[in-house]
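# Descriptive analysis of the structure
So you can see what is in the structure, the chains are spelled out below.
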Amino acid sequence: MSRFVTLNSNTDFRRAYGRGKVYTNPALVTYVVKNRAGICRIGITTSKKIGNAVERNRARRVIREAFLSQDNPCGGFDIVFVARTKTVHKKSTDISIIMRKHLISAGVIRDAKESGT
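It should be emphasised that the depicted structure is a prediction, and the values quoted were computed from it without experimental measurement. Residue numbers run consecutively from 1 along every chain, following the written order of its sequence. Residue-level local features of this predicted model are given only where pLDDT is at least 70; pairs of side-chain atoms are given and counted only at 80 or more, and the full residue set underlies all totals for whole chains, interfaces and linings. Hydrogens and water are ignored here; the side-chain numbers use all heavy atoms of the structure.

Attention now goes to the overall build of the protein chain. Each helix and strand in the protein chain was counted, giving 4 helices and 5 strands. A run of H or I in DSSP becomes a helix once it reaches four residues, and a run of E becomes a strand once it reaches two; helices and strands are each numbered from the N terminus. Secondary structure elements of the protein chain, listed N to C terminal, follow the sequence β-α-β-β-β-α-β-α-α. We take the radius of gyration over the C-alpha atoms and set the globule estimate at 2.2 Å times the residue count to the 0.38 power. Since a compact globule built from 117 residues should have a radius of gyration of about 13 Å, the 14 Å found for the protein chain is in line with a globular shape. Across its three principal axes, the protein chain shows a C-alpha extent of roughly 40 × 30 × 30 Å. The contact definition used throughout considers only heavy atoms, calling two residues in contact when any of these lie within 4.5 Å. Considering only residue pairs separated by 6 or more positions, the protein chain has 78% of its internal contacts joining residues 24 or more positions apart.

Shown next as structure tokens:
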């Protein structure tokens, strides 16, 4: 079973864009908003500015793998990741580092230094 559920509804994406906290980087934008479902839901968006279909699919795949590599992601958050043009040229390990910073800042995951381990 997967550790997250994907966002499909346009209203969920709009809620994250409107009410969510935004964290930016030249390679990735992250919107985080609490949900009442108690489960982690993620959505990944890529626009045509990223490139052709192959590049957009690669960007989505890299973001998804970076999210799966996180230690213990969330519980009760909707997270929307928006790919940027530099996402296509990065590896999932690079995106994972950026994503970790965003998720720690948002309070979705805990930093190992803060928890004392």
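The next subject is the nonpolar core. Among buried residues, those of type Ala, Val, Leu, Ile, Met, Phe, Trp, Tyr and Cys that are joined through side-chain atoms within 4.5 Å constitute a nonpolar core. Exposure classes here rest on a 1.4 Å probe applied to the protein chains alone. A residue is buried below 20% of its type maximum, exposed above 50%, and partly exposed in between. Membership of the largest hydrophobic core comes to 26 residues, with the highest contact counts inside it found for F67, I79, F81 and M99. Of all the secondary-structure elements, those providing two or more residues to this core are β3 (28-34), β4 (41-45), α2 (53-68), β5 (77-83) and α3 (92-106). If one sorts the elements of this core by residue count, α2 sits on top with 5 residues. Beyond its immediate stretch of four places on either side in the chain, I79 contacts L7, T30, Y31, V32, C40, R41, I42, G43, F67, C74, L103 and V108. L7, F13, A16 and Y31 belong to the second largest nonpolar core, which has 7 residues in total.

Before going further, it helps to spend a moment on the environment of M99. Residue position: M99 is located in helix α3. Apart from the residues lying within four places of it in its own chain, the contact partners of M99 are L28, I63, A66, F67, Q70 and F81.

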